[in-house]
Amino acid sequence: MNADLLIHSAAQLCVLPGHAGGPQRGARLGDLGLIADGAVAVQDGHILAVGPTAEVRAQVRARAELDASGRVVTPGFVDAHTHVVWAGDRAGEFELRLAGATYLEIMAAGGGILSTVRATRAASLEHLVAETRPRLDRMLAHGTTTVEVKTGYGLTLQDELKQLEAIDRLNATHPIDLVPTFLAAHAVPTEFAGQPDAYVDLIVEEMLPVVARRLNGQAPLFCDVFCDEGAFTLAQSRRILERAKALGFGLKIHADEFAALGGTRLAVELGATSADHLVCTPPDDIALLGQSDTVAVLLPGTPFGLGQTHYAPAQALLEAGAALALATDCNPGTSWCESMPFILALACRAMRLTPAQALAAATINAAYAVGRGDRVGSLEPGKQADILIHAVPDYRHLAYRFGTNPVALVIKRGGVIRSA
Ligand code: NIG
Ligand code: FE
């Protein structure tokens, strides 16, 4: 067989296989599919063959080669939950929180999400794209090759469409693949203060149908709701998600970040692709999630970013059999984090994941959390050739070290796009 590229002699090549056509669930999380002295061959942007170097060499004739000796090779990271399209910053709020104000207090005083909404509404499409692009560049440099991106800083039909447009433009012009999610239910905008149900009416009756029309011929779209204290109630979340489901959206939910309102069981009931945050999910809901196909997306950057010490109950979720994924939650309020390696390091310390579990949660399981498990997240033949070469000798270093970037080379759809 002819190959465009052969990456060979990796100290450790981690395949991160899916299990039975799905994510790695519960106690089975952390199956690296590790191959010592490993190789992967790429043809037409896809993975052609993977295995021990001698075996792959015997199968393929490659036009170009990369020597990965002494290094670790993994799939690209999938960042399964971000709000990376925004304008402005909230450094002032960070300082207020350090002085004792809480996230919910700042939000109730008209700051928080609504402050980023003001900046994002004021920004032109071009400006929004220009502010976001360098963040994506840094994400890519840290090994993220697929990123889920939510709207939710527009909160009018026009401004939400502007965010979707920004996502489309970046998708067309940046090497990272962007997976769009519609999150008009991120906050009740100022013009609907005191009448949240009227805003929910607007989402359900006007925004969702218009956005759904974009589904034709375009990237599939998720719909998400921030179901929490100070945001949307369980009943409001149900209205929005039921309508979205009927219109053909995949479903996601911000559940149990600050208060347990029942968002997790709603996600399971509606067959959501993922339920995210889960910091204070009650035991019964953990059990339900563990029995479901809804992926649990954990975002340890958020409690860390807020200076809190309480993290999502990852061990209980694993014991319940849940499919666990990790993401940055990259946003200007709670977690301006562009580095999946940092999230791995944090997940191991704050939630006691093993380095292998964290790596699987950030690749194959994260791919399933954004509906792309059939295309990315592992180095299995037929998948998109999104591959990382890390300048470390052992996969455990990806979580063991923190604050520096382990990624030496990013290969996106077979093309070498960054070397350090
Ligand atoms: O996931 N929880 C809601 N949304 C974000 C915060 C967004 C913001 O503060 O701007 C989150 O933590
Ligand atoms: Fe979020």
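A short tour of the structure in this document, coming up.

The rules behind these values
- Residues numbered from 1 in each chain as written.
- Chains lettered and ligands numbered in written order.
- Predicted model: local features only at pLDDT ≥ 70, side-chain atom pairs only at ≥ 80, totals over all residues.
- Heavy atoms only, no water.
- Near = heavy atom within 4 Å.
- Polar contact = N/O pair within 3.5 Å; in protein donor to acceptor, adjacent residues only side chain to side chain.
- Areas by Shrake-Rupley, 256 points an atom, 1.4 Å probe, with all protein chains shown as cover.
- 1 Å grid on protein atoms, 1.4 Å probe; cavity = no way out; pocket = protein on both sides within 12 Å on 5 of 7 lines; lining within 4 Å.
- Sits in = over half its atoms within 2 Å of the grid points.
- Nonpolar A, V, L, I, M, F, W, Y, C, P; charged D, E, K, R; others polar.
- Phe/Tyr/Trp six-rings, centres within 6.5 Å; stacked < 30°, edge-to-face > 60°.
- Helix = DSSP H or I, 4+ residues; strand = E, 2+ residues; numbered from the N terminus.
- Buried < 20%, exposed > 50% of the residue type's maximum accessible area, 1.4 Å probe, protein only.
- Lys NZ or Arg CZ within 6 Å of the ring centre and 35° of its normal.
- Points joined across faces, edges and corners; volume = space filled by probe spheres on them.
- Contact = heavy atoms within 4.5 Å.

Some words on the site of ligand 1
The environment of ligand 1 is made up of 16 residues, and the closest members are R90, Y103, Y153, H186 and E257. Note that an oxygen atom of ligand 1 is positioned 2.6 Å from one of the side-chain N or O atoms of Y153. Note that an oxygen atom of ligand 1 is positioned 3.3 Å from one of the side-chain N or O atoms of H254. Surface burial for ligand 1 is 100%, taken as the share of its 330 Å² of free accessible area covered by protein chains. In this structure, ligand 1 is accommodated by the largest cavity. When grouped by side-chain class, the residues that make up the shell around ligand 1 number four nonpolar, nine polar and three charged.

Let's talk about the packing of aromatic side chains
Under the defined criterion, the tally for this structure stands at five aromatic pairs. A ring pair is formed by Y103 and F258, whose centres lie 5.3 Å apart and whose planes are at 25 degrees; its orientation type is stacked. Separated by 155 residues along the polypeptide, Y103 in helix α3 (residues 103–108) and F258 in the loop between β10 (250–255) and α9 (263–270) bring together distant segments of the chain. For Y103, a relative accessible area of 9% corresponds to the buried category. In this structure F258 comes out as partly exposed when scored by relative accessible area, which is 23%. Summarising the aromatic geometry, the rings of Y199 and F232 are spaced 6.3 Å apart at their centres and angled 35 degrees between planes, so their arrangement reads as tilted. Of this pair, Y199 sits in helix α7 (residues 196–213) while F232 sits in the loop between β9 (222–227) and α8 (234–246), and the two are 33 residues apart along the sequence. Pair check on accessibility: Y199 and F232 agree, each one buried. Each residue in the set F192, Y199 and F232 is aromatic and connected to the rest through ring pairs, giving one cluster. If you follow R135 out to its NZ or CZ, it ends over the ring of W86, 3.5 Å from the centre. Above the plane of the ring of F222 lies K252, whose end atom (NZ or CZ) is 5.0 Å from the centre.

Some thoughts on empty space enclosed by the protein
Where empty space is left in the structure can be found by rolling a water-sized probe over the atoms. Scanning the entire structure with this criterion turns up five cavities of 30 Å³ or more. Estimated volume of the largest cavity: approximately 90 Å³. Contributing to the lining of the largest cavity are 14 residues, with H83, Y103, H186, N331 and T334 lying nearest its centre. Here the lining of the largest cavity is built from residues that sort into four nonpolar, seven polar and three charged.

Quick word on the layout of surface pockets
Considered as a void within the structure, the largest pocket measures approximately 300 Å³ in volume. Along its surface, the largest pocket is lined by 18 residues, and M107, A108, L114, V188 and G230 are the ones closest to its centre. Where the lining of the largest pocket is concerned, the elements lending two or more residues are α3 and α4 (113–122). It is α3 that provides the largest number of residues to the lining of the largest pocket, a total of three residues. In this model, the second largest pocket occupies a volume close to 230 Å³.

A short note on α4
Quick reminder: α-helices carry 3.6 residues per turn. Residues three or four places apart thus point the same way. Buried residues of α4: I113, L114, S115, T116, V117 and T120, and no others. Next to the buried residues of α4 lie α2 (91–98), α3, α5 (125–141), α6 (157–173) and β9.

Geometric descriptors of this kind do not, in isolation, establish any biological role.
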